[in-house]
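Topology and contacts: notes
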Amino acid sequence: MSETHPVTRPGRTIAVLTSGGDAPGMNAAVRAVVRTALARGQRVYAIREGYEGAVSGGDRIVPMTWASVGGILHQGGTSIGTARSERFRTREGRLQAAENFLKAGIDSLVVIGGDGSLSGADALRQEWRGLVDELVASGRVDAGTASTAIPFSIVGLVGSIDNDMSGTDITIGADTALHRITEAVDAIASTAASHQRTFVIEVMGRHCGYLALMGAIATGASFVLIPESPPDVDDWQATMCERLHTGRQAGRRDSIVIVAEGARDRHGNAITAEHVRKVLEERLHEDVRVTILGHVQRGGAPSAFDRYMSTLLGHAAVEELLLSPPGSEPQLIGMRDNRVTRQPLMQCVEKTRKVAECVKSGDYPGAMALRGRGFASALSTLRTIVRALPHPPTEGQKRFRFAIMHGGGPAPGMNTAVRAALRLTLDRGHHVLGVRHAFKGLVEGDFFEMGWMTVNGWASRGGAELGTNRRQPADRELYQIARHVEKHEIDGILLIGGWSGYAAIAKLHAERERFPAFNLPMICLPASINNNLPGSELSIGSDTALNNIVGAVDKIKTSAVASQRCFVVEVMGRRCGYLALLSGLATGAERIYMHEDGVTLAHLQHDLETLKEGFRRGKRLGLLIRNEDANPFYTTPFMCALFEQEGGELFDVRQAILGHLQQGGDPSPFDRILATRMAAASVEYLIAEAGKGPTGAAAFIGLREGKLTLTPFDEMPRLMDCTNDRPKEQWWRQLAPIAELLAAPAPPAA
Ligand code: ATP
């Protein structure tokens, strides 16, 4: 992720604007731009109403202070306004904007918008010298002001719910839009199931099927239509009807078809939601309803991811401006493989437009290739798991029997992973046995054969239907496990779980010489809200937990607006500070206590003084986030008592121990998508390894730098800090300075 660089060239005056369609998370980016710039000693302005404000000037160009961006992190939309500006499209408009910028001393611009907005910024940058000369020649700007002008610099961040930009894996707002879509589709699915109705749901995406595709994966929709990959047959209506009909016959009560706004058939003819409804009514004689989600997808509070990702991007944008020479090639700051990256902005814009052109001209393979491998494999996984029934096994094929089980605490997304793993395995002609209640079931032989429809509806369901717990098998129980494995002729085990599940699988793997039954492929898929598992930067459930925390903190904060109050919020994670740090970044907590950093009396004393000073200067709310195991003695009640007593009349203190609400609820869209991706790769591994015979291979799967990777179990001791049950390397710890910087009290100059 982004590093904090020293300032190499002070004295920039940076403006930030949001342009084009609004996107949740824009506020987090604006806040990060403003505060990073101020903390680095730069002047910073916000341009209200996008380029329209730049052209109008006057009170649309507002000097920003530390406090100007307080309290906006959790708000949807953009607090500095956005617009589409016809005037800025003309040279005359840009001349006027240049005059306004020159007069305010603005030499750098952070643009947060779509490809149109980013092109607009580039046009201004390219014309800058000519515009300055013209302004001087016409007397609109005096030569003195013009002589201080340096080449104009720009940096772009992509704000767009469609996730339609090349150069970044995800755009600001797309994750929140997926939240809105999954909430809506989940809600519709329950009423659809009650009446055995079919719903056609239209989601945004004129050129990009990201929201439709990921929305379908996340909700278990029955059919999806997207612009980049139209159905490959002319009578796609027949395929769709057959799919839905077979689903009904197999026992499916709800049928959901998701249609992207820009969906089309292979000849380029638009496929609208209304068209799909008519087809289904005429051919299936069903009661079909259409829901067009529309602007709901743009609205509402940003997701946890959109808050912290946009914060990191905004911070990196200012660092980029301060490090690059004036007027250098503009960069787009985005996320690639879970890291903040920079890429030439106009190349990204051109590539983005190329996808749209490919779709328009009917070059669908070209469009899919430009979208990248992840998109194509997501589509192919979706096509399998939404089938009404699996493909029959091929004649003479060896049909393996795999066991799927959990182990460890519950994590939202476990059911989604089981569903995907089961269906992908059955579709390849193999058998799946579910093991109930984790290792307890393995010891007791509580196995059952799972069928295609066993997991109907599991994509969106929280909890763990197979049952999970932290029980580890005792040495004396290994014999029983070995017997059950042999009796049920298990060819491989997929464990979807947390640290105690991993440890138990490690034990079986280590005992394979004593118990040859354990000489079978085993794979662990990380599912734990704590995000403390080896070989993966993220585990399933942690994104849901973060969203649960962020939602709870939003409510806690609003309960205290009128009073001078400090909250100490305790979050889960055991000895891993991931939830504490990331929720701190996403909520703007001023202090984050983690086991990794330790807590000392000196820290508490310092924080107390900082709080007192803040409340003396008029602060109304304090927010401290504490990881549950940050320190065994300085507990949350202890800290609250200390701050309450020492804060005196200045402020009062309340504790909020969030507890199990963090583990509960339905999985977030990201957790559902990650669960599906990881399950698909785990199944591939098991099938491949089982095919090699009893090699005793065991691995854990994980997401590393955006890629799914397998790590052999023998690497566990090298990767894991087994005293504290967390990985030795924790990539997210480098984000702590950014959290600290942005939530710190205002620097004196601001
Ligand atoms: P969205 O993805 O939400 O549509 P966008 O940034 O692509 O966002 P546009 O309407 O294309 O939205 O552009 C927003 C504004 O950027 C325009 O109203 C215009 O002011 C400016 N702009 C776009 N393209 C150009 C251009 N080629 N030259 C100058 N300005 C432009």
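The rules behind each value
- Residues numbered from 1 in each chain as written.
- Predicted model: local features only at pLDDT ≥ 70, side-chain atom pairs only at ≥ 80, totals over all residues.
- Heavy atoms only, no water.
- Near = heavy atom within 4 Å.
- Polar contact = N/O pair within 3.5 Å; in protein donor to acceptor, adjacent residues only side chain to side chain.
- Areas by Shrake-Rupley, 256 points an atom, 1.4 Å probe, with all protein chains shown as cover.
- Helix = DSSP H or I, 4+ residues; strand = E, 2+ residues; numbered from the N terminus.
- Nonpolar A, V, L, I, M, F, W, Y, C, P; charged D, E, K, R; others polar.
- Pairing = 2+ DSSP bridges.
- Axes fitted to C-alpha atoms, helices over the stretch in contact; angles between N-to-C directions.
- Contact = heavy atoms within 4.5 Å.

Another aspect to go through is the site of the ligand. Near the ligand lie 14 residues; those nearest to it are Gly21, Arg84, Ser85, Gly116 and Ser117. Arginine 84 has a polar side-chain atom sitting 2.8 Å from an oxygen atom of the ligand. Between arginine 89 and the ligand, the recorded distance is 3.4 Å, taken from a side-chain N or O atom to a nitrogen atom. Taken by itself the ligand offers 620 Å² of open surface, and the protein chains cover 83% of this. Listed by contribution, the elements that provide at least two residues to the shell around the ligand are α3 (86–89) and α5 (115–137). Looking at the shell around the ligand element by element, the count peaks at four residues for α5. A class-by-class count of the residues in the shell around the ligand yields two nonpolar, eight polar and four charged.

A few words on the sheet that holds strand β18 (residues 591–593). Sheet architecture is open: four strands sit in the order β18-β19-β17-β20, paired in parallel fashion. For this open sheet the edge positions go to β18 and β20 (652–657), each flanked by a neighbour on one side alone. When the angles between neighbouring strand axes are averaged without regard to direction, this sheet yields 20°. Summarising the sheet, strand β17 (residues 565–571) and β20 pair through six bridges and their orientation is parallel. Across the sheet, the residue bridging to glutamate 570 is isoleucine 657, located in β20. On the sheet, helix α19 (residues 542–558) packs against β17, β19 (621–627) and β20 and is oriented at approximately 160° with respect to β17. Together, β17, β18 and β19 form the strand contacts of helix α21 (residues 601–616), whose direction differs from that of β18 by roughly 160°.

These figures capture arrangement, not role.
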